[in-house]
Amino acid sequence: MKHNRVEFSYSVYENASELAPADAALLDSAREAITQAYAPYSKFRVGAAAVLSNGVTVTGSNQENASYPVGICAERTLLASAAHQFPDAAIDTLAVSYDGDFVKSDHPISPCGMCRQSLQEAETRGGRPIRLILAGQEGEVFIINTIADLLPFAFTPTELG
Ligand SMILES: [Zn+2]
């Protein structure tokens with residue numbers, strides 16, 4: 001018997017002003033995408049923005065439904081839009097931000113489990129790591145180098161043979 005360990009490293013910026021200009025601009029796009037969220041139930045609005053390998057920036061926001069499980073997160077709204085419009089483009093970097101009526105948007109949030117699985121598929125499909133930029137409206141910014149770090153032991157297409 002042996003023990004294995006899974007570790008990953010990520011960058012923590014004190015605030016968005018420390019980011020490289022391109023990353024700061026993408027985070028701004030994610031924050032702007034929050035305004036398109038449809039979140040009448042949770043009042044928790046999320047925006048996502050991704051720059052693709054073709055240079056295009058695609059955005060998404062959470063879209064809720066009166067039948068709660070039907071709602072879709074900002075990340076998967078973006079992934080579906082990007083895959084539909086630019087099926088041959090990989091995702092280079094994806095930023096996520098949020099605000100809400102009942103929360104203080106002063107720290108990064110991380111994609112939910114379902115979105116991690118979808119992001120893993122997009123990363124595999126694109127054949128390159130997807131960088132993640134995570135931040136609220138203020139406060140620290142996390143940069144994660146690959147979705148694979150967020151989903152150890154992921155179920156991937158290779159399992160299907
Ligand atoms: Zn999600």
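Residues numbered from 1 in each chain as written. Predicted model: local features only at pLDDT ≥ 70, side-chain atom pairs only at ≥ 80, totals over all residues. Heavy atoms only, no water.

Colleague: Account for a nonpolar patch on the surface, naming residues and giving values.
Modeller: A surface patch of nonpolar side chains, about 260 Å² in accessible area, is lined by Phe8, Tyr10 and Val12. The residue Tyr10 is located in strand β1 (residues 10-13) in this model. (Patch = residues over 30% accessible without salt bridge, like charges linked within 9 Å, V, L, I, M, F, W, Y side chains within 5 Å. Areas by Shrake-Rupley, 256 points an atom, 1.4 Å probe, with all protein chains shown as cover. Salt bridge = Lys/Arg side-chain N within 4 Å of Asp/Glu carboxyl O. Helix = DSSP H or I, 4+ residues; strand = E, 2+ residues; numbered from the N terminus.)

Colleague: If you had to explain the coordination of the zinc ion to someone new, which residues and values would you point to?
Modeller: Protein ligation of the zinc ion involves Cys73 (SG), Cys112 (SG) and Cys115 (SG), the donor distances falling in the range 2.3 Å. Each donor residue of the zinc ion belongs to the same chain, and together they define the spacing C-x38-C-x2-C. Highlighted residues: Cys73 in the loop between β3 (57-61) and α2 (74-85) and Cys112 in the loop between β4 (91-100) and α3 (113-126), separated in sequence by 39 residues. Judged by its relative accessible area of 22%, Cys73 is partly exposed. Residue classification places Cys112 among the partly exposed residues on the basis of a relative accessible area of 33%. (Donors = N, O, S within 2.8 Å, 3.2 Å for Na, K, Ca; no water. Buried < 20%, exposed > 50% of the residue type's maximum accessible area, 1.4 Å probe, protein only.)

Colleague: Lay out the sheet that holds strand β6 (residues 141-144) in plain terms, naming residues and giving numbers.
Modeller: Reading across from one edge, β1-β6-β5-β4-β2-β3 is the order of the 6 strands in this open sheet, with mixed pairing throughout. Each of the sheet's edge strands pairs with one partner strand only, and the pair in question is β1 and β3. Each strand axis lies, on average, 15° off the axis of its neighbour in the sheet, ignoring direction. Where β4 lies against strand β5 (residues 131-135), 4 bridges are found, and the strand directions are parallel. Pairing of Val96 across the sheet is with Leu134, part of β5. (Pairing = 2+ DSSP bridges. Axes fitted to C-alpha atoms, helices over the stretch in contact; angles between N-to-C directions.)

Colleague: Describe α3, naming the residues involved and giving the relevant values.
Modeller: Its 14 residues place the ends of α3 20 Å apart at the C-alpha level, agreeing with the 20 Å of an ideal helix rising 1.5 Å per residue. Restricting attention to buried positions, one finds in α3 the residues Cys115, Leu119, Gln120, Ala122 and Glu123. Each buried residue of α3 lies within a common arc of 165° when the element is viewed along its axis, so the set occupies one face. Of the exposed residues in α3, the ones pointing more than 90 degrees away from its buried face are Gly113, Met114 and Arg125. If you follow the buried residues of α3, they end up packed against α2 and β4. Positive phi shows up at Gly127, right after α3, with a value of about 70°. (Expected span 1.5 Å × (residues − 1). Arc of directions from axis to C-beta. Contact = heavy atoms within 4.5 Å.)

Colleague: Kindly report on the pairing of β5, identifying the contributing residues and their values.
Modeller: The buried count for β5 comes to 4 of 5 residues, which makes it a mostly enclosed element. As paired elements, β5 and β6 share 4 bridges and run antiparallel to each other. Note that in β6 the partner of Leu132 across the bridge is Ile144. Between β5 and β6, which pair antiparallel and follow one another directly, the connecting turn spans 5 residues, one of which, Gly139, has a positive phi of 90°.

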